[in-house]
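Residues per chain, in single letters:
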Amino acid sequence: MHRYANPARFLRIVTAVLPWSAGASAVLLPVGFYLALLGSPPDYQQGDTVRIMYVHVPAAWMAMSIYSLMAASSAVALVWRHPVAELVTKAAAPIGAVFTAVCLITGSLWGEPMWGTWWVWDARLTSVLVLEFLYLGYIALVNAFDDATRGARAGAVLVLVGFVNVPIIKFSVDWWNTLHQPASIMRLGGPTIDIHMLAPLLVMALGFTSFFVTVLILRVRAELTLRKLRVLRLAQATA
Amino acid sequence: MTGAGDFWAMGGYAAFVWPAYAITLAALVLLLVTALRAQRQAERALAMLEGARGRRHARASSDKPAGDLA
């Protein structure tokens, strides 16, 4: 772990990964969109609205896994004071906020024709809305400090406290009554979804993941450059 | 699915399916564009600062006797 704390080495590694993640996104996302819109059948009950699932569910997975990644890197940042871990958390937050918004909006567009309502204050929907506020709250908190290090530290504490929400989202459909359907992919006993619907879902999920990695690398590189800028300015001011 | 008209109609759910896809696509484009712009801006700011430092260093050393250049 400490090997990757060196910003220069970290930069070299992510720069080597970037063309692969960008290439994977350029292949997986078009294939995913094709399979989702043309290469898969309509559902026997939900008709063509089931196609919303192929963007809604991967967006929800991203919303939760990006937050989990932020919690892990926040823990690393707090325990070992790694500057790179702080930058990764900060760079991931806006991406997670956008995927959570996509999840909420597409879910609403799916809920209206299938449930007869855009929104319901049940545990699943509300806990995902809380996740969106955690992302936005983290971004606001980190940017509220003049001292970037203090801001990152306060943000890391917020992310870790908010992590309690992630298992609540995951199990909300089992713990409480809800309009939302229970898990059909990540469940004990294997997926209960037909292969023709599983394929576009998984391709899209992989495409979203590689796209996230690509954007994260771009943002981390920008954050590393800004950090260098701050160090240079500080050196200049004290010189 | 028999033709392009059926495809766009989405079984009568066009008003829900297409906005969902439009928003997803817009979100992906937004993420990519803002990330690229952030990187460009950071690099430009760094280049400017380093350029200013370079000029000041050059000025500072030209004030000194020629032997001190290193």
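About the criteria used
- Residues numbered from 1 in each chain as written.
- Chains lettered and ligands numbered in written order.
- Predicted model: local features only at pLDDT ≥ 70, side-chain atom pairs only at ≥ 80, totals over all residues.
- Helix = DSSP H or I, 4+ residues; strand = E, 2+ residues; numbered from the N terminus.
- Buried ≥ 20, exposed ≤ 12 C-beta atoms within 10 Å, placed from the backbone.
- Contact = placed C-beta atoms within 7 Å.
- Nonpolar A, V, L, I, M, F, W, Y, C, P; charged D, E, K, R; others polar.
- Axes fitted to C-alpha atoms, helices over the stretch in contact; angles between N-to-C directions.
- Parallel < 35°, antiparallel > 145°, perpendicular 65-115°, else oblique.
- Left-handed = near helix turned anticlockwise from the far one by under 90°.

**Overview of unusual backbone geometry**
Next up, step 1: Even without glycine at this site, A:Arg81 takes up a positive phi of about 55°.
Next up, step 2: Looking at the element boundaries, A:Arg81 is found in the loop between α2 (53-80) and α3 (83-115).
Next up, step 3: Positive phi outside glycine occurs at B:Met10, with the angle close to 50°.
Next up, step 4: Turning to its location among the elements, B:Met10 is positioned in the loop between α1 (4-9) and α2 (14-63).
Next up, step 5: Judged by local crowding, B:Met10 falls into the buried class, with 21 C-beta atoms found within 10 Å.

**As for the interface of chain B and chain A**
Next up, step 1: At the junction of the two partners, chain B supplies 24 residues and chain A supplies 28 residues.
Next up, step 2: A breakdown of the residues in the side of chain B that touches chain A according to their chemical character gives 20 nonpolar, 3 polar and 1 charged.

**Some thoughts on the packing of helix α1 (residues 7-37) of chain A against helix α7 (residues 195-238) of chain A**
Residue and element names in this part refer to chain A.
Next up, step 1: Between α1 and α7, the shortest axis-to-axis distance is 7 Å and the interhelical angle comes to 150°. With respect to α7, the axis of α1 lies roughly antiparallel. α7 is crossed by α1, and the crossing has left-handed handedness.
Next up, step 2: Split by residue class, the contact of α1 with α7 holds 22 nonpolar, 6 polar and 1 charged.

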